[in-house]
Amino acid sequence: MYDYKILRKESLMSGYTLKIIAIVTMLIDHMTAILISPNHSFYLIGRSVGRLAFPIFCFLIVEGLLHTRNIQKYMARLFIFALLSELPFDFAFYNPRLNDNYKYHQNIYFTLFIGLIVIALIHYINKNNFNYWTRLVVNTMVLFLGCILAYFLHTDYSYMGVLMIWAFYTFRAQLLPLTIALLLINALYGFPQILAVFSLLITRRYNGERGPHRNK
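Before going further, it helps to spend a moment on the overall build of the chain. Secondary structure assignment for the chain yields 10 helices and zero strands. Mapped in sequence order, the helices and strands of the chain form the string α-α-α-α-α-α-α-α-α-α. Taking all 216 residues of the chain together, the buried fraction comes to 41%. In the chain, once contacts between residues fewer than 6 apart in sequence are set aside, the share between residues at least 24 apart is 70%. Total accessible area on the chain is roughly 12,700 Å²; 66% of this is exposed by carbon and sulfur atoms.

Time to look at the packing of aromatic side chains. Enumeration according to the criterion identifies 10 aromatic pairs in this entry. On the basis of an interplanar angle of 20 degrees and a centroid distance of 5.6 Å, the ring pair of Phe81 and Tyr109 is categorised as stacked. Of this pair, Phe81 sits in helix α5 (residues 71–93) while Tyr109 sits in helix α6 (residues 108–127), placing them 28 residues apart in sequence. On the accessibility criterion, Phe81 (44% relative accessible area) is partly exposed. Note on Tyr151 and Tyr159: the rings are 6.4 Å apart at their centroids and 55 degrees apart in plane angle, and the pair reads as tilted. Judged by its relative accessible area of 45%, Tyr151 falls in the partly exposed class. A network of ring pairs unites the aromatic residues Phe59, Phe168 and Tyr206 as a single cluster.

The next subject is the nonpolar core. Ile61, Leu116, Ile119 and Phe168 are the most contacted members of the largest nonpolar core, which totals 47 residues. Put simply, the parts of the chain that give this core at least two residues each are α2 (15–35), α4 (53–67), α5, α6, α7 (132–153), α8 (158–170), α9 (175–187) and α10 (200–203).

Moving on to the confidence of the model for the chain. Per-residue pLDDT for the chain has a mean of 87; in total, 88% of the residues score no lower than 70. Helix α1 (residues 4–7) is the least confidently modelled element of the chain, averaging 45 in pLDDT, while α8 averages 96, the highest of any element. Overall, residues 1–9 carries pLDDT values under 50, and its contacts beyond four positions in sequence, including any with other chains, amount to 22 contacts.

Moving on, we get to unusual backbone geometry. Following Phe191, the chain continues into Pro192 via a peptide bond in cis, with omega recorded as 5 degrees. Structurally, Pro192 can be placed in the loop between α9 and α10. Non-glycine residue Tyr157 carries a positive phi angle of around 75 degrees. Considering the arrangement of structural elements, one finds Tyr157 in the loop between α7 and α8. On the basis of relative accessibility, which here comes to 15%, the residue Tyr157 falls in the buried class. In this structure, Ser158 is a non-glycine residue whose phi angle is positive, near 50 degrees. Turning to its location among the elements, Ser158 is positioned in helix α8.

Before going further, it helps to spend a moment on the side chain of Thr155. As for its placement among the helices and strands, Thr155 is situated in the loop between α7 and α8. For Thr155, the residues in contact, after removing those within four places along its chain, are His105, Gln106, Phe110, Thr111, Ile114 and Ala150.

A cluster of nonpolar residues, Phe144, Leu145, Ile148, Tyr151, Phe152, Tyr159, Leu188 and Tyr189, forms a patch on the protein surface that exposes about 850 Å² of accessible area. Ranked by the residues each element gives to the nonpolar patch, the list is headed by α7, at five residues. By the element assignment, Leu145 lies in helix α7.

It is worth spelling out the environment of Phe110 at this point. Mapped onto the elements, Phe110 comes out in helix α6. Along the primary structure Phe110 and Phe79 are separated by 31 residues, whereas in three dimensions their C-alpha atoms are 6.9 Å apart. Residues within four places of Phe110 in sequence aside, it is in contact with Phe79, Ala82, Leu83, Glu86 and Thr155.

Conventions used here
- Residues numbered from 1 in each chain as written.
- Predicted model: local features only at pLDDT ≥ 70, side-chain atom pairs only at ≥ 80, totals over all residues.
- Heavy atoms only, no water.
- Helix = DSSP H or I, 4+ residues; strand = E, 2+ residues; numbered from the N terminus.
- Buried < 20%, exposed > 50% of the residue type's maximum accessible area, 1.4 Å probe, protein only.
- Contact = heavy atoms within 4.5 Å.
- Areas by Shrake-Rupley, 256 points an atom, 1.4 Å probe, with all protein chains shown as cover.
- Phe/Tyr/Trp six-rings, centres within 6.5 Å; stacked < 30°, edge-to-face > 60°.
- Core = buried A, V, L, I, M, F, W, Y, C linked by side-chain atoms within 4.5 Å.
- pLDDT = per-residue confidence, 0-100.
- Patch = residues over 30% accessible without salt bridge, like charges linked within 9 Å, V, L, I, M, F, W, Y side chains within 5 Å.
- Salt bridge = Lys/Arg side-chain N within 4 Å of Asp/Glu carboxyl O.

Have a look at this one:
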């Protein structure tokens, strides 16, 4: 894990602060995608800023897994929000009255939900006294099945999103491997998606504190 004891004295980045940053950058990204033409110069700027949002959410999903008191309730909340968000998501990015493309693209909460299941299972396997090869085989299968599920459900970020959540979990205490993993994963989508790696400049300032949780 990160050395939060050192960061706490010099950082204001609580979990709540990270959520606000992720929400604001996501809002900029989505408003750009909906309201600005791809040919406009501001389009690339807005979408580039938006690349910071999802990795921060991935980081928070991992922190949620490691600190939640009830993983089942945590999963249930994500799934409920996935269902509640789907209709607004469809109307924002598609027009269900004119085409049926919305059926083939699910909102980001489904990606986060699948990613959480993947790392929760891997976390369970890692905590128990299974031998190395058993852990390796089972963890690989779990990750593969999670990626396949996200791909065939056409969730936002697809299998790449599941891989990013896995990377934040697996390399959470290792900055260099995590940076390389994010570069490789996001390179699959090219520019500006590869700019997502700069989210590490933000998540590394996390001080390990939850922040004002009453503002859920």
